[in-house]
Structure formats: structure tokens, C-alpha cells
Amino acid sequence: MITTHHKKLYEGKAKILYSTEAADVLLSVFKDDATAFNAQKRGTIQGKGAMNCTISSHLFQQLETAGIPTHFIEQLSETEMHVKAVSIIPIEVVIRNLAAGSLCKQTGLELGTLISPPLVELYYKNDELGDPLLTLDRLLLMKLATSEQVAQLAAMALKINDILTSFFQECGITLVDFKLEFGLDHNQQLILADEISPDTCRLWNQSETDPSRRVMDKDRFRNDLGEIESAYQQVMQRVLAHSL
Ligand code: TMP
């Protein structure tokens with residue numbers, strides 16, 4: 001519950017971050033607001049905040065168990081999570097196992113083409129510039145991170161991909177691609193931050209082959225496929241029913 005102890009620090013498209021009485025702990029509140037195509041499309045997905053908070057909490061716990069440091073501390077309520085305060089590295093790390101989305105648009109690769117080994121892509125987290133794809137040279141020029149940090153980010157992202165791919169496989173879901181954000185804690189250690197949810201992953205139901213019916217993620221909103229809430233609910237139920 002938000003009290004006078006909480007000061008709003010940052011409001012993003014899907015979450016609000018508040019300070020708490022503890023300097024190294026923040027409150028992350030998940031919203032039902034949905035945006036796509038750099039907020040050109042806006043809407044609301046009923047219950048999304050609660051579902052994404054619950055899904056992310058469970059996935060962060062799975063990753064912690066597998067040895068990945070994350071910002072997750074505890075889920076406080078359906079839509080609220082305590083997280084460690086980090087300074088976010090303004091790089092969106094995208095991992096792709098199958099071709100979809102912007103990769104298909106920009107390369108002509110057919111939807112669903114297997115990508116092996118998985119592709120790791122880095123985007124500049126900057127809404128005004130439309131989150132452009134980075135090169136290593138540009139990233140270093142802009143001092144967004146050091147080359148050591150980039151190597152560490154990529155290695156962590158691939159390890160997270162291995163863990164989540166097996167986890168979702170157990171759920172009967174194919175992890176097509178997803179986006180991660182990392183931060184530095186007070187010891188300058190890289191830790192996984194933000195969220196992992198149907199907003200930030202492409203997830204295909206393995207019991208469906210139809211390209212529209214199989215979609216269980218925000219592509220239902222992006223591409224006006226309908227039945228968004230029930231798809232997110234399906235993901236939540238399956239995720240909560242599995243542990244590594
Ligand atoms: P893309 O194919 O549009 O580049 O998206 C790749 C993955 O990253 C997909 O799982 C959706 C996720 N994503 C975000 O979480 N936030 C974003 O702003 C974008 C563009 C993609």
C-alpha cells in the first residue's frame with residue numbers, strides 16, 4: 001500500500017517506482033496500462049498489473065534459485081514488489097530463439113525461423129529516439145557501459161535464456177524472444193532488474209499451431225488479436241504451477 005513514506009521516483013509505461021523507508025529498497029507497482037510501438041498505441045489490459053507482478057515474481061525466484069542475481073526481494077501484494085535499488089544501465093538486451101517482430105521486419109527472415117545459437121541484441125533504452133539498435137562501438141562511444149560489462153551482460157542473458165527456455169518448455173510454452181534490463185547495485189555488481197512477463201517476452205502455446213491462436217503475449221495487443229487477458233491468465237496459471 002502506498003503511504004506518505006513512499007515518494008514517486010519514476011513512472012514508466014508499465015510500472016511506477018517509489019522510494020521506501022530503506023534507502024536500498026524500492027517499491028515497484030505494476031500498472032494495467034499497455035503501450036506498443038513506442039507508445040503510439042495505448043490501451044488497458046484488465047488485471048495485467050497483477051498478472052505481470054505475479055509472473056515476474058515467480059520467474060525472478062526461479063532465476064535466483066538457479067544462481068542469477070536479480071533485484072527481486074518480495075511480492076507485497078498482487079501488484080506490488082519490493083526490489084533492490086539499482087542504477088539501471090540504459091540498454092535493453094533482447095535474446096531471440098526464433099525469428100519474430102522487428103527481426104523479421106528488418107531482415108526478411110521468415111516468422112519462426114530457428115536462431116541457433118540464440119541472438120543477443122542491444123538497444124538504447126531511450127523513448128525519444130525510439131530505442132534504436134546499438135553497435136558495440138556506438139555503445140562505447142556513448143559510454144552506456146564498458147566492454148567488460150557488455151560481455152557480462154551478454155553472458156548473463158544467455159544463461160537466463162537457457163534457464164527460462166527449459167522452464168517455459170515445462171509449461172508447454174515456447175520462449176520465442178524476450179527483453180531484459182540490468183542494473184548496478186551499491187557494490188557495482190550487475191543484477192537483473194525490471195520485469196519478465198508477457199509484456200516483455202514472446203510466448204507461443206505449444207498446443208496450438210495457428211500463428212494467431214498460439215500467441216500468449218503482448219503481440220495479442222500489438223496486433224489486435226483479442227483475448228489478451230485470458231492469454232496472460234493462461235501464462236500465469238502455467239508459470240505458477242511449475243518450479244525448477
Ligand atoms: P522486437 O521484435 O519488437 O524487437 O521485440 C523483441 C522482444 O523484446 C519481444 O519479446 C518484446 C520485447 N520488447 C520489450 O519488452 N519492450 C520493447 O520496448 C520492445 C520494442 C520489445
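Preceding this section is the structure that the text describes.
Below you will find a few notes about this structure. Just so it is clear, the structure is predicted and the values come from calculations on it, not from any experiment. (Residues numbered from 1 in each chain as written. Predicted model: local features only at pLDDT ≥ 70, side-chain atom pairs only at ≥ 80, totals over all residues. Heavy atoms only, no water.)

### Regarding the overall build of the protein
Each helix and strand in the protein was counted, giving 6 helices and 13 strands. Computed over its C-alpha atoms, the radius of gyration of the protein comes to 17 Å, within 12% of the 18 Å expected for a compact globule of 244 residues. Projecting the C-alpha coordinates of the protein onto the three principal axes gives extents of approximately 50 × 40 × 35 Å. Per-residue burial over the protein gives 50% buried out of 244 residues. A fraction of 56% describes how many contacts in the protein between residues 6 or more apart in sequence connect residues 24 or more apart. Summing over all exposed atoms, the protein offers an accessible surface of approximately 12000 Å²; the carbon and sulfur share of this is 52%. Here the protein contributes 23 positively and 32 negatively charged side chains, and the mean placements of these two sets differ by 4 Å. (Helix = DSSP H or I, 4+ residues; strand = E, 2+ residues; numbered from the N terminus. Rg over C-alpha atoms; globule rule 2.2 N^0.38 Å. Buried < 20%, exposed > 50% of the residue type's maximum accessible area, 1.4 Å probe, protein only. Contact = heavy atoms within 4.5 Å. Areas by Shrake-Rupley, 256 points an atom, 1.4 Å probe, with all protein chains shown as cover. Lys, Arg positive; Asp, Glu negative; His and termini not counted. Charge placed at Lys NZ, Arg CZ, Asp CG, Glu CD.)

### A few points about the side chain of K218
By the element assignment, K218 lies in the loop between β13 (201-205) and α5 (219-222). For the buried K218, which has no salt bridge, the nearest side chain bearing the opposite charge is D199, at an N-O separation of 4.6 Å. Not counting chain neighbours up to four residues away, the residues in contact with K218 comprise T35, P198, D199 and Y232. (Salt bridge = Lys/Arg side-chain N within 4 Å of Asp/Glu carboxyl O.)

### Digging into helix α1 (residues 48-65)
With 18 residues, α1 ought to run about 26 Å at 1.5 Å a step, and its terminal C-alpha atoms sit 25 Å apart, in line with that. Most of α1 is tucked away: 15 of the 18 residues are buried. A positive backbone phi angle near 95° is found at G67, which sits one or two residues after α1. (Expected span 1.5 Å × (residues − 1).)

### Some words on the pattern of salt bridges
Per the stated rule, a full pass over the model turns up 17 salt bridges. Between K41 and D224 there is a salt bridge whose closest N-O contact spans 2.7 Å. Here D224 lies in the loop between α5 and α6 (228-240) and K41 lies in strand β5 (residues 41-44), a separation of 183 residues in the sequence. Its relative accessible area of 19% is what places K41 among the buried residues.

### A few points about the sheet that holds strand β1 (residues 8-11)
Strand order in the open sheet formed by 5 strands is β1-β2-β3-β7-β6, with antiparallel pairing between adjacent strands. A strand with exactly one partner marks an edge of an open sheet, and here the two such strands are β1 and β6 (72-75). When strand polarity is set aside, the average angle formed by the axes of neighbouring strands in this sheet is 25°. Of the pairings in the sheet, the one linking strand β2 (residues 15-19) to strand β3 (residues 25-30) comprises 5 bridges and is antiparallel in character. Bridged to S19 within β3 is L26. Lying on the sheet, α1 is in contact with β3, β6 and β7 (80-84); it crosses β6 at an angle near 135°. (Pairing = 2+ DSSP bridges. Axes fitted to C-alpha atoms, helices over the stretch in contact; angles between N-to-C directions.)

### Quick notes on the site of the ligand
Around the ligand, a shell composed of 15 residues is seen, among which R96, S102, D177, K179 and R202 lie nearest. Note that an oxygen atom of the ligand is positioned 2.6 Å from one of the side-chain N or O atoms of S102. When the ligand sits alone it has 450 Å² of accessible area, and the protein chains cover 78% of it. Listed by contribution, the elements that provide at least two residues to the shell around the ligand are β9 (91-98), α2 (101-107), β11 (173-184) and β13. When its residues are assigned to classes, the shell around the ligand shows 4 nonpolar, 3 polar and 8 charged. (Near = heavy atom within 4 Å. Polar contact = N/O pair within 3.5 Å; in protein donor to acceptor, adjacent residues only side chain to side chain. Nonpolar A, V, L, I, M, F, W, Y, C, P; charged D, E, K, R; others polar.)

### Looking at the nonpolar core
Counting residues in hydrophobic clusters, the biggest one holds 53 residues, and the most contacted among them are I91 and L180. Looking at which element gives the most residues to this core, the answer is helix α4 (residues 147-170), with 9 residues. Beyond its immediate stretch of four places on either side in the chain, I91 contacts L122, Y123, K125, L134, L139, L144, A145, L153, L180 and E181. With 5 residues, the next largest nonpolar core counts L98, A100, W204 and V215 among its residues. (Core = buried A, V, L, I, M, F, W, Y, C linked by side-chain atoms within 4.5 Å.)

### Comments concerning the environment of V150
Tracing the backbone shows V150 in helix α4. A residue is classified by how much of its surface remains accessible, and V150, at 12% relative accessible area, is buried. Setting aside chain neighbours within four positions, we find V150 in contact with L122, L136, L139 and A145.

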